[in-house]
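# Results of the structural survey
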Amino acid sequence: MENISMIIGGKPVAAATTFPVINPATGSTFATAAAGDASHVDAAVAAAQAAFPEWSSTPDAERQRLLHAIGASLEANMPALMELVTKETGKPLNGLNGVGAGMEVGGSIAWTHVTADLSLPVEVIQDNEVARVEVHRKPLGVVGSITPWNWPLMIAVWHVIPALRAGNTVVIKPSEMTPVATARFVEIANGILPPGVLNLVTGAPGSDVGPTMARHPGIAKIVFTGSTRTGRKIMENASGNLKRLTLELGGNDAGIVLADVDPKAVAAKLFGVAFHNNGQTCASLKRLYVHESIYEELCAELAKLAKATVVGDGLNHDTQLGPVQNKAQLAIVEELAADALAHGARFLSGGHVRAGSGYFYEPTVVADITDGIRLVDEEPFGPILPVIKYSDIDDVIRRANDNPSGLGGSIWSNDLAKAARLALRLECGTAWVNEHGAIQPDAPFGGVKQSGIGVEFGRYGLEEYTSIQTLKIMKA
Ligand code: NDP
């Protein structure tokens, strides 16, 4: 059994007690992790503060070289990392449309290399006989990273690598449900980085590790991915020293399918972007609005795909969808499904937990449902998709926008110019045409409204790990 230690100042650190990590495909413990507390956060912040002066003044090219070395080492460890990801998240090794542990580890490697190559050039605003004005980007200090359980390794990389690239040092706290692959990543990175540059503190369920980080006066910024509810708490706790924040929170993304689309041609793509990773992705398609003229045909195609999906233990190579990651999330899915049923919705597939061990829920397509019902209004974060009929495009855009979240949205049509115009009317951080949730390491990604603050990825994401210093040199 894996036993996860914390890593503080480059050294493994145990705690007085440990807590179990469950494999959601079996419901059994497959690893244990150190139950850290506030004292470990203090020690990790102190180690990160001690490492900051040297790391922040390390030449850019050297930092880039070390980050590329981390990418190469992740690649060398890819099969083992994939297995850990599958065991702790339930995500299949391969997965529906290739969205699985392979994509998570492969994405982590790609993001590491692309981010390592980014730069923060000095911008010259003015250079004349009177003065030269330059804008410099400087690291903030210690960054605290708090990550969730759906893409634990990839999100850790999304937080840690740009923070380090910009010259910050980091304390990371993974979700108590998925600390294992992150611990391995931090261990790998510590084989390459100077001690204290990247520290890991793990906390048991309900521990004070996360809140202590959010409040900690030695942490300059928190980057958090998770629920809007927890994002609000972090924002409150972070006010003491006016921490910088990047919050990537929940989404309830709408997709709108126009009447010109061939249901048979588009169904598999739509099914994939809604159901891969069991819908447990912040920017999965979660509300599907379909024009009335193609509604029944598209619903039938989606149901056919749901029934044909191979659900099982992600360690089996032909599994497309694994279990829901945890019992509490499964309960949310069941609750929203029961509420939809009580409101007269038509279940075209699934609708129940699979008998036996593990947290399996059959892929579920729900028709004859509309806004105002919880399954549409709230984020289910599970393998269940409400399909909603519409007749008027202006009305459906209004309904898509009538939601507190604003992470992603999509328009599906053969008329690309019209679809792009409509996509720009969606209130969300990223709008896709004939796609959904497709992110890339060089394009900014983040939410509007209650889906978050700030963006990740590319130059825009990197700049969030810096503060601006303006330098004005008088010449006359
Ligand atoms: P949370 O947002 O509560 O957890 C995410 C991370 O925040 C975990 O590391 C957690 O630690 C930590 N955390 C919890 N409370 C605090 C706090 N007060 N201060 C600082 N850190 C804290 O997500 P849940 O696991 O509860 O999932 C609930 C919902 O969140 C899901 O149903 C889904 O809607 C959404 N979600 C969104 C994700 C996204 O990608 N945007 C990812 C995952 C979930 P610990 O768990 O160890 O206590």
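See the structure above.
Description of the structure in this document. Position labels on residues start from 1 in each chain and follow its written sequence. Where local features are concerned, this predicted model is filtered to residues with pLDDT of at least 70; where side-chain atom pairs are given and counted, the filter is 80 or more; whole-chain, interface and lining totals use all residues. Only hydrogens and water are set aside when side-chain values are computed; all heavy atoms of the structure are taken into account.

Okay, the sheet that holds strand β6 (residues 123-127) next. Pairing is antiparallel across the open sheet formed by three strands, whose spatial order is β6-β7-β23. The open sheet has two edge strands with one neighbour each: β6 and β23 (466-474). Going across the sheet, the axis of each strand differs from the next one's by a mean of 20 degrees, ignoring polarity. Only when DSSP finds a minimum of two bridges between them are two strands counted as paired. A run of H or I in DSSP becomes a helix once it reaches four residues, and a run of E becomes a strand once it reaches two; helices and strands are each numbered from the N terminus. Note on geometry: axes are lines fitted to C-alpha atoms, helical ones only across the stretch in contact, with angles between N-to-C directions running from 0 to 180 degrees.

A few words now on the layout of surface pockets. The space that makes up the largest pocket amounts to roughly 1400 Å³. As for the largest pocket, its lining consists of 49 residues, and the residues nearest its centre are Phe224, Gly226, Ser227, Arg229 and Thr230. Going through the elements one at a time, α7 (209-215), β11 (221-225), α8 (228-237), α11 (327-342) and α12 (374-377) are the ones with two or more residues in the lining of the largest pocket. The element best represented in the lining of the largest pocket is α8, accounting for seven residues. When the residues that make up the lining of the largest pocket are grouped by side-chain class, the tally is 17 nonpolar, 21 polar and 11 charged. The domain limits used here are those given by an automatic or database domain assignment. Residue assignment places the lining of the largest pocket across two domains, with domain 1 (2-250 + 448-474) and domain 2 (253-433) each supplying three or more. In this structure, the second largest pocket spans a volume of roughly 420 Å³. Residue lining of the second largest pocket: 22 residues in total, with Val99, Met103, His276, Gly437 and Ala438 positioned closest to the centre. Elements that contribute at least two residues to the lining of the second largest pocket include exactly α4 (101-116), α5 (152-165) and α9 (263-275). Residues were grouped as follows: Ala, Val, Leu, Ile, Met, Phe, Trp, Tyr, Cys and Pro as nonpolar; Asp, Glu, Lys and Arg as charged; and all remaining residues, including Gly, as polar. Its residues placed into classes, the lining of the second largest pocket shows 13 nonpolar, seven polar and two charged. For the lining of the second largest pocket, the two domains that each supply at least three residues are domain 1 (2-250 + 448-474) and domain 2 (253-433). Put plainly, a pocket is an open set of points on a 1 Å grid over the protein atoms alone with protein on both sides within 12 Å along at least five of seven lines, a cavity is a set where a 1.4 Å probe fits but cannot get out, and a lining residue has an atom within 4 Å of a point. Grid points are joined across faces, edges and corners, and a volume is the space filled by probe spheres set on the points.

Two aromatic rings from Phe, Tyr or Trp, using only the six-membered ring of Trp, form a pair when their centres are within 6.5 Å; if the ring planes differ by under 30 degrees the pair is stacked, by over 60 it is edge-to-face, and anything between is tilted. For the structure shown, the criterion picks out six aromatic pairs. Geometrically, the ring pair formed by Phe271 and Phe275 is stacked, given 4.4 Å between the ring centres and 20 degrees between the ring planes. With Phe271 and Phe275 both in helix α9 and four residues apart, the pair spans about one turn of that helix. In this scheme, a residue with accessible area under 20% of its type's maximum is buried, one over 50% is exposed, and one in between is partly exposed, where area comes from a 1.4 Å probe on protein chains only. Phe275 sits in the buried class, given a relative accessible area of 0%. In textbook terms, an aromatic cluster arises when at least three aromatic residues are bridged by ring pairs, as seen for Trp111, Trp158, Phe445 and Phe457.

Geometric values such as these leave the question of function open.
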